[in-house]
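# Geometric and topological summary
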Amino acid sequence: MSAITSPLKPDDKKVVAAALQGALVDLLDLSLLTKQAHWNVIGHNFRSLHLQLDEIVAAAREHADTVAERAVALGCNPDGRSSTIASTTEVPQLEAGYINDGKVVAAMTDILGSIVRRMRERVEATDEPDPVTQDILIEITQDLEKHHWMIEAQR
């Protein structure tokens, strides 16, 4: 069995692999938490928020796939296992049970805001070692910032 070779220098590969793995965990946890909110939201804005949350889930899943495939292309092994997500996530978690629409908006604003902050750190970290990965992270950050704005505007 042969491994995928990386075009990056070993030290650069470590930095980029850490950035991509962190992004993957954030995006996978975002998709899970947002789906949890989607299933359990209640309140006057149920329908519109229910649909908006599914848009965020779809974006997070698509971006997670892009991040994981970029990692593999660089010879890094992405780890999207539930145990890895549970043990390494930095994403604020939701409460269990039904959640009032106002609380969902507040929680999702915090969740997206925390992910955006970390994504911006990853954008900065990948500037020198891999501008191609940086471009991917910039695009993802731009999309997450749009979703953050659209959720936060409902406060």
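What this report covers is the structure whose coordinates are included nearby. (Residues numbered from 1 in each chain as written. Predicted model: local features only at pLDDT ≥ 70, side-chain atom pairs only at ≥ 80, totals over all residues. Heavy atoms only, no water.)

### Describing the pattern of salt bridges
This model, assessed by the stated rule, comprises eight salt bridges. One salt bridge in this structure joins Arg-122 and Asp-26, with 2.9 Å as the shortest N-O distance. Taken together, the residues Arg-122 in helix α4 (residues 101-125) and Asp-26 in helix α1 (residues 10-40) connect sequence positions 96 residues apart. Each of the two residues, Arg-122 as well as Asp-26, counts as buried. In this structure, Asp-130 engages Arg-70 in a salt bridge whose closest nitrogen and oxygen atoms are separated by 2.8 Å. Within this pair, whereas Asp-130 is found in the loop between α4 and α5 (131-152), its partner Arg-70 is found in helix α2 (residues 46-73), the two being separated by 60 residues in sequence. Like Arg-70, Asp-130 is buried. Salt bridges sharing partners connect three or more residues here, namely Asp-26, Arg-118 and Arg-122. (Salt bridge = Lys/Arg side-chain N within 4 Å of Asp/Glu carboxyl O. Helix = DSSP H or I, 4+ residues; strand = E, 2+ residues; numbered from the N terminus. Buried < 20%, exposed > 50% of the residue type's maximum accessible area, 1.4 Å probe, protein only.)

### Examining α5
Across its 22 residues, α5 extends 30 Å between first and last C-alpha, which sits within 8% of the 32 Å expected from 1.5 Å per residue. Along α5, the residues that are buried comprise Thr-133, Gln-134, Ile-136, Leu-137, Ile-140, Thr-141, Asp-143, Leu-144, His-147, His-148 and Ile-151. Contacts from the buried residues of α5 go to α1, α2 and α4. (Expected span 1.5 Å × (residues − 1). Contact = heavy atoms within 4.5 Å.)

### Re the side chain of Gln-52
With respect to the helices and strands, Gln-52 occurs in helix α2. Only 3.5 Å separates the side chain of Gln-52 from the backbone oxygen of Met-150, close enough to count as a polar contact. For Gln-52, the side chain forms a polar contact with the side chain of Gln-154, separated by 2.4 Å. In contact with Gln-52, other than residues within four places in its own chain, are Met-150, Ile-151 and Gln-154. (Polar contact = N/O pair within 3.5 Å; in protein donor to acceptor, adjacent residues only side chain to side chain.)

### Quick notes on the nonpolar core
Counting residues in each nonpolar core, the largest one holds 38 residues, and the members touching the most others are Leu-30, Val-104, Ile-111 and Leu-144. Secondary structure elements with two or more residues in this core: α1, α2, α4 and α5. Among all residues touching Val-104, those that are not within four sequence positions of it are Ala-37, Val-41, Leu-49, Leu-53 and Ile-99. (Core = buried A, V, L, I, M, F, W, Y, C linked by side-chain atoms within 4.5 Å.)

### Remarks on the packing of α1 against α2
One can describe the packing of α1 onto α2 by two numbers: an axis separation of 8 Å at closest approach and a directional angle of 160°. Overall, the two elements α1 and α2 adopt an arrangement that is roughly antiparallel. When you trace α1 past α2, the crossing you get is left-handed. Considering only residue class, the contact of α1 with α2 consists of 15 nonpolar, five polar and four charged. (Axes fitted to C-alpha atoms, helices over the stretch in contact; angles between N-to-C directions. Parallel < 35°, antiparallel > 145°, perpendicular 65-115°, else oblique. Left-handed = near helix turned anticlockwise from the far one by under 90°. Nonpolar A, V, L, I, M, F, W, Y, C, P; charged D, E, K, R; others polar.)

### What to know about the packing of α1 against α4
Here α1 crosses α4 at 170°, and the two axes come no closer than 10 Å. Here α1 is positioned roughly antiparallel relative to α4, judged by the angle of their axes. Between α1, through Val-15, Ala-19, Gly-22, Ala-23, Asp-26, Leu-30, Leu-33, Thr-34 and Ala-37, and α4, the contact on the second element is made entirely by Val-104, Met-108, Ile-111, Leu-112, Ile-115, Arg-118, Met-119, Arg-122 and Ala-125. Residue classes in the contact of α1 with α4 are distributed as 13 nonpolar, two polar and three charged.

The analysis is restricted to geometry; functional conclusions fall outside its scope.
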